[in-house]
Protein chains: 2
Amino acid sequence: MTDETKSFGIRQGEVAADLPPTFDASLYYIGRIRTPWKRREECPKNARESDAVCTIELDQRWAEGLKGVESCTHLVVLYWMDRSRRDLVLQAPRHYGEQRGTFALRSPARPNPIALSIVRLHRLEDAKLEVIGLDCLDGTPLLDLKPYFPSTDAVPDAVVGWHAARKR
Amino acid sequence: MTDETKSFGIRQGEVAADLPPTFDASLYYIGRIRTPWKRREECPKNARESDAVCTIELDQRWAEGLKGVESCTHLVVLYWMDRSRRDLVLQAPRHYGEQRGTFALRSPARPNPIALSIVRLHRLEDAKLEVIGLDCLDGTPLLDLKPYFPSTDAVPDAVVGWHAARKR
């Protein structure tokens, strides 16, 4: 497909795939994320830019699942970017300009718009977690919480080459 | 709920929630993960225990999305633990013994069985990625690939308190 065949709503340099005809698995929303940001333009460009305390409200159905979480300093948060298009394979983010593949970007637009943030646990009470390190819209659906293990999750010397080259 | 009311298939110390009546969102499998492990007992207990090179086979539909991925040393891999039960809130993993909440564990049994691994990219050719750092069953469905940014994803001094206490 070339840019000329793209439908309305795709920026120059973006390319969409045909979505598969059927889905393969399904998700439950297990809670909601409360943040100070009501519109996309208000969200910090990345989570390290903000010290805002956000609140994860877990549904009561799952509240017992938090036993032991209070002992974690950091958590992996998975959430659902429910307003994102899912067919883009090549994207040209405004702040980068250049065209790159969806899987080389953290853009919310992807076949399965699951976002991942590492957050610092600030406070846990009942089924509410106050955390630092989120940058999503208020009301974003929660999918999962996991303990962050530095032994397997922290790779301080990892490099995203295209991004490093950009900063030089 | 007490242990006495638990249905068949739950170990002592495990507690299940009633699953919600409906799903909220749906997923596409975007590829498959090829590993040397055909049965659960064969899988390494965690990915750092194995140097095995595994292959991620991305569907051709999404292949263009890999543009730029070759410049990444490490990737976030999200995949679907399609054989896991989804209703457990408290679990008693055999190797830990003690009962803990699902969200304090990396167990595949969780409301949305999305697993997360950080892998080292060994080789990328066409729509196949050879990576090091996976511990899942052969044939596991792939959900997403993301570039690993140490600036937001690496927290070397994070602590999982219950786990640290165990090792002392």
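Source: prediction; values computed, not measured.

A.B. asks: Which parts of the structure should I look at to understand the sheet that holds strand 8 (residues 114-125) of chain B?
C.D. replies: Where strands meet in a sheet, backbone hydrogen bonds hold them as pairs that are either parallel or antiparallel. All names here are of chain B. Overall, antiparallel pairing links the six strands, which are arranged 3-4-9-8-5-10 in a closed barrel. The average undirected angle you get between the axes of adjacent strands in this sheet is 45 degrees. In terms of strand pairing, strand 3 (residues 31-34) meets strand 10 (residues 140-147) through three bridges, oriented antiparallel. Residue pairing across strands places Gly31 opposite Leu142, the latter belonging to strand 10.

A.B. asks: What is the right way to read the relation of the copies chain B and chain A from this model?
C.D. replies: Superposition of the two copies of the chain requires a rotation about an axis and a shift along the axis. With an axial shift of 0.0 Å and an RMSD of 0.0 Å, the rotation relating chain B to chain A amounts to 180 degrees. Such a turn and shift between the copies fits a two-fold axis.

A.B. asks: I keep staring at the sheet that holds strand 6 (residues 88-91) of chain A and nothing clicks. Help me out?
C.D. replies: All names here are of chain A. One open sheet accounts for three strands, arranged 1-6-7; its pairing is antiparallel. In the strand order of this sheet, the two ends are held by strand 1 (15-16) and strand 7 (100-101), each with one partner. Two elements, strand 6 and strand 7, share two bridges in a ladder whose sense is antiparallel. The partner of Leu90 across the bridge, within strand 7, is Gly101.

A.B. asks: Explain the interface of chain B and chain A here, please?
C.D. replies: Frequently, the measure chosen for interface size is the accessible area that the parts lose on association. The interface is formed by 72 residues belonging to chain B together with 72 residues belonging to chain A. When the buried surface of chain B facing chain A is broken down by residue, Tyr28, Phe103 and Arg106 of chain B rank first, second and third, together holding 12% of it. At the junction of chain B and chain A, the tally comes to four salt bridges. One salt bridge connects Asp144 of chain B with Arg110 of chain A, and the closest N-O pair in it is separated by 2.8 Å. Applying the counting rule to chain B against chain A returns 45 residue pairs in polar contact (both at pLDDT 80 or more). Of all the secondary-structure elements, those providing two or more residues to the side of chain B that touches chain A are strand 2 (25-27), strand 5 (74-80), strand 6 (88-91), strand 7 (100-101), strand 8, strand 10, helix 1 (150-153) and helix 2 (161-167) of chain B. The leading source of residues in the side of chain B that touches chain A is strand 10 of chain B, at five residues. By residue class, the composition of the side of chain B that touches chain A is 42 nonpolar, 16 polar and 14 charged.

A.B. asks: Teacher, can you tell me more about the pattern of salt bridges here?
C.D. replies: For side chains bearing opposite charge, pairing can occur when the charged atoms are close. All told, the structure shown has 26 salt bridges over all chains when counted by the stated rule. Lys38 of chain B is the partner of Asp138 of chain B in a salt bridge, and the nearest nitrogen-oxygen pair spans 2.8 Å. Taken as a pair, Asp138 of chain B in the loop between strand 9 (128-132) and strand 10 and Lys38 of chain B in the loop between strand 3 and strand 4 (53-58) lie far apart in primary sequence, 100 residues in all. Residue class for Lys38 of chain B comes out exposed when judged on its relative accessible area of 55%. Three or more residues are tied together by salt bridges with common partners; here these are Arg34, Lys38, Glu57 and Asp138 of chain A.

A.B. asks: Mind showing me how you'd approach empty space enclosed by the protein here?
C.D. replies: A probe matching the size of a water molecule, rolled over the atoms, marks out where space remains unfilled. Going through the model one piece at a time under the given rule, you end up with one cavity of 30 Å³ or more. Of the pockets and cavities examined, the largest cavity occupies roughly 50 Å³. Leu116, Ile118, Tyr148 and Asp153 of chain A together with Leu116, Ile118, Tyr148 and Asp153 of chain B together form the lining of the largest cavity. Listed by contribution, the elements that provide at least two residues to the lining of the largest cavity are strand 8 (114-125) of chain A together with strand 8 of chain B.

A.B. asks: How should I be thinking about the environment of Asp138 of chain A in this particular structure?
C.D. replies: Residue and element names in this part refer to chain A. For the pair formed by Asp138 and Lys128, sequence separation is 10 residues and the distance between their alpha carbons is 15 Å. Not counting residues within four places of it along the chain, the set of residues in contact with Asp138 comprises Ile33, Arg34, Thr35, Trp37 and Lys38. A distance of 2.8 Å separates the side chain of Asp138 from the side chain of Lys38, its partner in a polar contact.

A.B. asks: Help me out: how do you make sense of unusual backbone geometry in this one?
C.D. replies: Working note: non-glycine residues mostly have negative phi, and peptide bonds are mostly trans. All names here are of chain A. For Asp126, which is not a glycine, the phi torsion comes out positive at approximately 50 degrees. Mapped onto the elements, Asp126 comes out in the loop between strand 8 and strand 9 (128-132). Overall, Asp126 belongs to the exposed group, its relative accessible area being 67%.

A.B. asks: Where do I start with the pairing of strand 9 of chain B in this structure?
C.D. replies: All names here are of chain B. Alignment of strand 4 against strand 9, held across five bridges, turns out to be antiparallel. Bridging across to strand 9, Ile56 finds its partner in Leu129. Pairing of strand 8 with strand 9 involves five bridges; the strand directions are antiparallel. Across the sheet, the residue bridging to Glu125 is Lys128, located in strand 9. The antiparallel pairing of strand 8 with strand 9 creates a hairpin that spans two residues between the two strands, and Asp126 there sits at a positive phi of about 50 degrees.

Here is what the cut-offs are and how they apply
Residues numbered from 1 in each chain as written. Chains lettered and ligands numbered in written order. Predicted model: local features only at pLDDT ≥ 70, side-chain atom pairs only at ≥ 80, totals over all residues. Heavy atoms only, no water. Pairing = 2+ DSSP bridges. Helix = DSSP H or I, 4+ residues; strand = E, 2+ residues; numbered from the N terminus. Axes fitted to C-alpha atoms, helices over the stretch in contact; angles between N-to-C directions. Least-squares fit on C-alpha atoms with pLDDT ≥ 70 in both. Contact = heavy atoms within 4.5 Å. Buried area = accessible area lost by both parts, 1.4 Å probe. Salt bridge = Lys/Arg side-chain N within 4 Å of Asp/Glu carboxyl O. Polar contact = N/O pair within 3.5 Å; in protein donor to acceptor, adjacent residues only side chain to side chain. Nonpolar A, V, L, I, M, F, W, Y, C, P; charged D, E, K, R; others polar. Buried < 20%, exposed > 50% of the residue type's maximum accessible area, 1.4 Å probe, protein only. 1 Å grid on protein atoms, 1.4 Å probe; cavity = no way out; pocket = protein on both sides within 12 Å on 5 of 7 lines; lining within 4 Å. Points joined across faces, edges and corners; volume = space filled by probe spheres on them.

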